[in-house]
Amino acid sequence: MKDLFAVIMLSGIYGLLSASFFVAMDAVDVAFTEASVGAGISTLLMLVAITMTGRTEHPVNHKPLLALAVVIVTGGLLIYGTLDTPYFGSAQAPIHQHVAPRYINDSMQEVGVPNIVTSVLASYRGFDTFGEVVVIFTAGIGVLALLSMVYRPRVTDKDTGKDTVDIDTFNDSMHEKHLILRIVSKILLPFIMLYALYVQFHGDFGPGGGFQAGVIFAAAIILYTMLFGINTASRVINLSLIQILAATGVLIYGSVGLVSLLNGKNFLDYSALSTDPIAGQHLGILLIELGVGITVASVMVIIFFNFAERRESIHGVENNAENCSKENDEAQSAKIP
Amino acid sequence: MDMLMQITSALFLLIGSFLCISGGLGILRFPDFYTRLHAVGVTDTLATAMILIGLMLQNPDGLVIVKLLIILLMTLFINPAASHALAQAAMQNELMPVLDKKDTNGKVTSSNP
């Protein structure tokens, strides 16, 4: 398929479908992440990317026979490998024998969080999650290093050379373009942000947590940026503050680990945080989920802003008419979980 | 009373499912983008509302009804806005609707084969 827009839409649909089958397999946390990350924000970021690269794939002259052969051989090997795996839902499968029984039986006494997924993710496997957060942070730094612009184009008055966007003229001009979309999204924005906070702090008790909450929060900011233009959004959102916040999230996570290390327990063993081990676990999980949420949201906003600024410097300001169909997909996918 | 609730709920669910199917049929059968959007945009909003109301009647429990009401409110906001955004984007990119017109021989020609 040569049309990249259709390819991106198909991958978004694939993300949503796989979220549905995760729900069907009772993995609601994974489904939630897949719906918000796979169907929502990655589709959005790729859409922003093709507004810079162009919509159609560059035609190639050679026939990729070698690649086809590699794909067929690898696929065949993978299918051959599945013959040896245990049957779906089999209780004798090795994955159900190793550490899973301990998590299911003891996590209520050891961690005391009703959502076992959260206690595994944040407490038992806290170090792995730390690695994931660092990966996301590194991705943000990479985008900053590659795409960051020293010169930011601004809307300036040609005569006086200073910002003309004073608040009254802005309120009038708001009703000229995308009137319906702007009003509807203004109504929805507080609810999207509130929902993100609910997902963030309800992660101990139900599906949710820092990753999903951060993505949903970032989606709200990105929706605002798409509809009102990057110049308006950068008056609301201080990008250098966001960059500091991205580092702060990782720092919070690491500091919690260091505090438990200094209190004489293992790295990221939260029972050292309080006299009561269970209360310590609760506090630790809350803090590291907060760190995860802050980092994820900030990195997503950083990536989007750098893409969008690069794009505006290529195409010129106020060329975002074609964007208006996209943000509602995003708003919907943020609501779907 | 319980019986009545069940019957009403089933009725709402049936209407909702019928509207979903008719919307899907519209996507497949209608000739161009705008009529397809019309089919799915109109029926989907109503169908979602019907199905959600049917589910509310199924489960007369406080918290569930509140959650379903919030979802209903959100879809009532988002669905029409999304349809509007799609139509506006298509219009701005100069996608013209199919307008069949009769030429001099009285034969119907389609402007968009």
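Residues numbered from 1 in each chain as written. Chains lettered and ligands numbered in written order. Predicted model: local features only at pLDDT ≥ 70, side-chain atom pairs only at ≥ 80, totals over all residues.

## Structural notes on the overall build of chain A
Note the following rule: Helix and strand assignments come from DSSP, with helices taken as H or I runs of at least 4 residues and strands as E runs of at least 2, each series counted from the N terminus. Note on burial: count the other C-beta atoms lying within 10 Å of the residue's C-beta; 20 or more is buried, 12 or fewer is exposed, in between is partly exposed, and C-beta positions come from the backbone. By definition, residues are in contact whenever their C-beta atoms, placed on the basis of the backbone, come within 7 Å of each other.
Across its full length, chain A holds 14 helices and zero strands. Listing each helix as α and each strand as β along chain A from the N terminus yields α-α-α-α-α-α-α-α-α-α-α-α-α-α. Here chain A, with 337 residues, has 37% of them falling under the buried criterion. Looking at chain A alone, contacts between residues at least 24 apart form 74% of all its contacts between residues at least 6 apart.

## Things to note about the overall build of chain B
A tally of helices and strands in chain B yields three helices and two strands. In chain B, the succession of helices and strands from N to C terminus is α-α-α-β-β. Within chain B, buried positions represent 16% of all 113 residues. In chain B, of all internal contacts separated by at least 6 residues, the share reaching a separation of at least 24 is 58%.

## Quick look at the packing of helix α2 (residues 33–58) of chain B against helix α3 (residues 62–92) of chain B
Residues and elements named next belong to chain B. Cut-off, in case you're wondering: Convention adopted: a line fitted to C-alpha atoms gives each axis, helices being fitted over their contacting stretch, and angles between N-to-C directions are expressed from 0 to 180 degrees. For classification purposes, an angle smaller than 35 degrees is called roughly parallel, one larger than 145 roughly antiparallel, one from 65 to 115 roughly perpendicular, and anything else oblique. Residues are grouped as follows: Ala, Val, Leu, Ile, Met, Phe, Trp, Tyr, Cys and Pro are nonpolar; Asp, Glu, Lys and Arg are charged; every other residue, Gly included, is polar.
For the pair α2 and α3, the least separation of the axes is 10 Å and the interaxial angle reads 180°. The pairing of α2 with α3 is recorded here as roughly antiparallel in orientation. Between α2 and α3, the residues in contact are F33, Y34, L37, G41, D44, T45, T48, A49, L52, L55 and M56 and I65, L68, I71, L72, T75, L76, N79, P80, S83, L86, A87 and A90, respectively. For the contact of α2 with α3, the per-class residue count stands at 16 nonpolar, six polar and one charged.

## Re the nonpolar core
As a reminder, the rule being used: Put simply, a nonpolar core is buried Ala, Val, Leu, Ile, Met, Phe, Trp, Tyr and Cys residues tied into one set by C-beta atoms within 7 Å.
Counting residues in each nonpolar core, the largest one holds 69 residues, and the members touching the most others are A:I216, A:A218 and A:M300. Broken down by element, this core gets its largest block of residues, 16 residues, from helix α13 (residues 277–315) of chain A. In contact with A:A218, not counting residues within four places along its chain, are A:I41, A:A297, A:M300 and A:V301. Membership of the second largest hydrophobic core comes to six residues, among which are B:L19, B:A47, B:M50 and B:L52.

## What to know about helix α6 (residues 116–124) of chain A
In an α-helix there are 3.6 residues to a turn, and that puts residues three or four apart on one side. Most of α6(A) is tucked away: seven of the nine residues are buried. Residues of α6(A) that are buried: A:V117, A:T118, A:S119, A:V120, A:L121, A:A122 and A:S123.

## A word on the packing of helix α9 (residues 179–201) of chain A against helix α10 (residues 210–228) of chain A
Residues and elements named next belong to chain A. The line we're drawing: Definitions for this section: a left-handed crossing has its near helix turned counterclockwise from the far helix by less than a right angle. A right-handed crossing has that turn clockwise.
Put simply, α9 and α10 touch, their axes get as near as 8 Å, and they point 165° apart. Classified by the interaxial angle, the pair formed by α9 and α10 is roughly antiparallel. In this structure, α9 crosses over α10, and the sense of that crossing is left-handed. Within the contact between the two elements, α9 uses L181, R182, S185, L189, I192, M193, Y195, A196, V199 and Q200 and α10 uses G210, Q212, A213, I216, F217, A219, A220, L223, Y224 and L227. For the contact of α9 with α10, a count of residues per class yields 15 nonpolar, four polar and one charged.

## Topic: unusual backbone geometry
All names here are of chain A. Positive phi, normally seen in glycine, also occurs at D26, with a value near 65°. With respect to the helices and strands, D26 occurs in the loop between α1 (4–24) and α2 (28–53). With 8 C-beta atoms packed within 10 Å, D26 lands in the exposed category. The phi torsion at L268 lies on the positive side, around 65°, for a residue other than glycine.

## Some points on the environment of B:I70
Residues and elements named next belong to chain B. Structurally, I70 is set in helix α3. According to the C-beta neighbour criterion, I70 is partly exposed, with 13 such atoms within 10 Å. C-alpha separation for the pair I70 and T43, spaced 27 residues apart in sequence, amounts to 20 Å.

## A few points about helix α7 (residues 126–147) of chain A
Residue and element names in this part refer to chain A. Threshold: Helices are assigned an expected span. That span is 1.5 Å times one less than the residue count. Each C-beta atom gives one direction from the helix axis, and the arc is the one those directions make.
The end-to-end C-alpha separation of α7 is 32 Å, in line with the 32 Å expected for 22 residues at 1.5 Å each. Taken together, the buried positions of α7 are occupied by G126, T129, F130, V133, I136, F137 and G140. Projected down its long axis, α7 shows its buried positions confined to an angular sector of 125°, all on one face. Opposite its buried face, α7 presents the exposed residues F127, D128, G131, V135, T138, G142, A145 and L146, each directed more than 90 degrees away.

## Focus on the confidence of the model for chain B
All names here are of chain B. In plain terms, the rule: The predictor attaches a confidence to each residue, called pLDDT, with possible values from 0 through 100.
Mean pLDDT over chain B: 83, with 88% of residues reaching 70 or higher. Strand β2 (residues 108–109) is the least confidently modelled element of chain B, averaging 52 in pLDDT, while helix α1 (residues 2–29) averages 90, the highest of any element. Overall fold confidence for the complex sits at a pTM of 0.79, while the interface term, ipTM, reaches 0.74.

## Some thoughts on the environment of A:S107
All names here are of chain A. Along the chain, S107 falls in helix α5 (residues 100–110). Take S107: there are 21 C-beta atoms within 10 Å of it, and that puts it in the buried class. Measuring from C-alpha to C-alpha, the distance between S107 and S185 comes to 41 Å, with 78 residues separating the pair along the chain. Setting aside residues no more than four positions away along its own chain, S107 makes contact with I116 and S119.

## As for the confidence of the model for chain A
All names here are of chain A. On average, chain A scores 81 in pLDDT, and the residues at 70 or more come to 85%. The least confident element of chain A, judged by mean pLDDT, is helix α14 (residues 326–335) at 50; the most confident is helix α3 (residues 65–82) at 93. Below pLDDT 50 for its whole length, residues 156–162 participates in six contacts with residues either more than four positions away or in separate chains. Between residues 317–328, whose pLDDT stays under 50, and residues either more than four places distant or in other chains, the model counts 28 contacts.

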